[in-house]
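Secondary and tertiary structure notes
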Amino acid sequence: MVAMAGKNCVAIATDTRLGADLLTVDGNFQRVFKVNDKTIMGISGLGTDVQTFNSLMKFKTNLYSLNEGRQIKAGTFSKLVSTTLYEKRWGPYFVSPLVAGLDKVGEGEYQPVICNYDSIGYREHSGNFEVAGTGAELLYGCCEAFYKDDMGPEELFEVISNCLLSALDRDSLSGWGAYVYILTPEELTVRALKTRQD
Amino acid sequence: ENYTQVNIFKEVFEKQQAPNNQSLITHPHKTIGNENKQHGQFNPYQMNNGTAIAIAGKDFVCVASDTRISSGYTIISREYSRTTQLTKTALLTAGGQVADIDGFAKDMQMKVKVYMRQHRREPTLETLARLVCTTLYSRRFFPYYSFVMLAGINSEGTGVVYGYDVFGSHDTMTYGFTGSGQSMAAPLLDNQFVGHNHLVKKPAENRQSVEEAAKDIINSIAERDIYTGDSIELTILDKNGVTVRHEPIRRD
């Protein structure tokens, strides 16, 4: 799974394989969830914890919007993920979430928020790109080489797809299809990539 | 069934009980016979890390490696050369333990000299490839801790890369990678060159773009891998000879 930031847009790209070691259990597993109009979250790791953690964050954001009367901002949400993970410090969720969102800083100006976490809540927010999952090291190489600043949504799609596909082909535990979620202030676009079905 | 009653076995059986009576707990001063235990912990292998990639072109090969060697989290040297030229048409490079990389390279140089005495010409790349394989296998039960790649120009004039594992099993490739940064190099090389996923593999055409790509790849790896950095040693072999260049990169 990889998340990348562009100019006023962010994207998360993921594969859809769910496996138990070498056995493929599901070839169409959903890992990326929409939190609100300005934030998406991708979760990699243990399948059951992916789904539980998503439900938990949904619960917390619903409560937040009832209390505050507005949608949660991307930056705040990223911190909420961190504290939620730390609540289970001594019996953690076996997940590596990736949060991608846009924070409004002015009229038409959005600050991208890209965060990666370990399973107990350390938040890494370098701002450019973050990787997670079994193909993390493979993705690091690709992203370092292909990433550039201030990409538009179309270019961001090309770059992130390239990175994911190259890494997917080398990692035996990832594959069976890929989706790219591109978030701009106006819309969330989901595109499916044609990959090797192995 | 009761072999403690049979005399010869009884003796052996009772002899084996004796060492337990003199354990270090009851006899802390009795260290004779225990020195070997401490030396038995000696580990002859250590990993000195670093990354190397090799790319085969239509009539040239390009080998790019970083020049850092480390032991654990310490840097031992920033100017170590991993690549050696064996013949006019072959380059040897490796990742892993420096003692074994150097030892193996010296071994191969010696074998090339012997070959030249016997045959009065240099070995071809295919012959050298087989020679590397058998040399590695000769140490099957105490292997060279070096992940070797042989890059060169074969007898048809095309560039080829041979990749080996520690015991000598090998295959021809259009590009190869080894070392601590290999998982970061793999998808980049797949993307830029025709190799891994393709039925028909094609060596690279444009020499300039191969050099640029090799430098960029090692640079990208140095950003994320702690064991890669300091400088890139770019070695290019073609029919005119060998050129070696050093380019400094991040030293952190």
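Here, every reference points to the structure presented above.
Just so it is clear, the structure is predicted and the values come from calculations on it, not from any experiment.

1. A word on helix α2 (residues 74-87) of chain A
Residues and elements named next belong to chain A. Across its 14 residues, α2 extends 20 Å between first and last C-alpha, which sits within 8% of the 20 Å expected from 1.5 Å per residue. Among the residues of α2, those classed as buried are Ala74, Gly75, Phe77, Ser78, Val81, Ser82, Thr84 and Leu85. Tucked inside the fold, the buried residues of α2 contact β5 (32-36), β6 (39-45), α1 (47-68), β7 (95-106), β8 (109-117) and β9 (123-124).

2. Some words on unusual backbone geometry
All names here are of chain A. Even without being a glycine, Asp21 presents a positive backbone phi close to 60 degrees. Summarising the element assignment, Asp21 is placed in the loop between β3 (18-20) and β4 (23-26). Backbone geometry places Trp176, a non-glycine residue, at a positive phi of 60 degrees. Among the structural elements, Trp176 can be located in the loop between α4 (153-170) and β11 (178-183).

3. Some thoughts on the sheet that holds β9 of chain A
All names here are of chain A. Here 5 strands make up an open sheet; going across it, the order is β5-β6-β7-β8-β9 and the pairing antiparallel. The open sheet has two edge strands, β5 and β9, and neither has a second partner. Two strands pair when backbone bridges link them, and β8 and β9 are joined in this way by 2 bridges, in the antiparallel orientation. Residue pairing for β9: Tyr117 is matched across the bridge by Arg123. Packing against the sheet, α1 makes contact with β5, β6 and β7, and its axis sits at approximately 155 degrees to β6.

4. Here we look at the packing of α1 of chain A against α2 of chain A
All names here are of chain A. Where α1 meets α2, the axes come as close as 11 Å, and the angle between the chain directions of the two elements is 125 degrees. With respect to their mutual orientation, α1 and α2 come out oblique. By crossing handedness, the relation of α1 to α2 is classed as right-handed. In this structure, α1 uses Phe53, Leu56, Met57, Lys60, Thr61 and Tyr64 to contact α2, whose residues at the interface are Thr76, Phe77, Leu80, Val81, Thr84, Leu85 and Glu87. Of the residues in the contact of α1 with α2, the class split is 8 nonpolar, 3 polar and 2 charged.

5. A short note on the sheet that holds strand β8 (residues 159-164) of chain B
Residue and element names in this part refer to chain B. The strand order β5-β6-β7-β8-β9 describes an open sheet built from 5 strands, whose pairing is antiparallel. The strands lining the two open edges of the sheet, one partner per strand, are β5 (84-87) and β9 (170-173). Ignoring strand direction, the axes of neighbouring strands in this sheet form an average angle of 25 degrees. As defined by bridge partners, strand β6 (residues 90-96) adjoins strand β7 (residues 146-153) across 7 bridges and the pair is classed as antiparallel. Each residue of the ladder has a partner; that of Gly96, found in β7, is Ser146. Docked against the sheet, helix α3 (residues 98-119) engages β5, β6 and β7, running at close to 20 degrees with respect to β5.

6. What about the pairing of strand β2 (residues 9-15) of chain A?
Residues and elements named next belong to chain A. With 7 of 7 residues buried, β2 lies mostly within the body of the structure. What you see with β2 is no split at all: Cys9, Ala11, Ala13 and Asp15 on one side and Val10, Ile12 and Thr14 on the other are buried throughout. Pairing of strand β1 (residues 2-6) with β2, which is carried by 5 bridges, proceeds in the antiparallel orientation. Within the sheet, the bridge partner assigned to Met4 lies in β2 and is Ala11. The turn linking β1 back onto β2 is made up of 2 residues, and Asn8 within it adopts a positive phi angle of 55 degrees. Two elements, β2 and β11, share 6 bridges in a ladder whose sense is antiparallel. Each residue of the ladder has a partner; that of Asp15, found in β11, is Ala178.

Conventions we followed
- Residues numbered from 1 in each chain as written.
- Chains lettered and ligands numbered in written order.
- Predicted model: local features only at pLDDT ≥ 70, side-chain atom pairs only at ≥ 80, totals over all residues.
- Heavy atoms only, no water.
- Helix = DSSP H or I, 4+ residues; strand = E, 2+ residues; numbered from the N terminus.
- Expected span 1.5 Å × (residues − 1).
- Buried < 20%, exposed > 50% of the residue type's maximum accessible area, 1.4 Å probe, protein only.
- Contact = heavy atoms within 4.5 Å.
- Pairing = 2+ DSSP bridges.
- Axes fitted to C-alpha atoms, helices over the stretch in contact; angles between N-to-C directions.
- Parallel < 35°, antiparallel > 145°, perpendicular 65-115°, else oblique.
- Left-handed = near helix turned anticlockwise from the far one by under 90°.
- Nonpolar A, V, L, I, M, F, W, Y, C, P; charged D, E, K, R; others polar.

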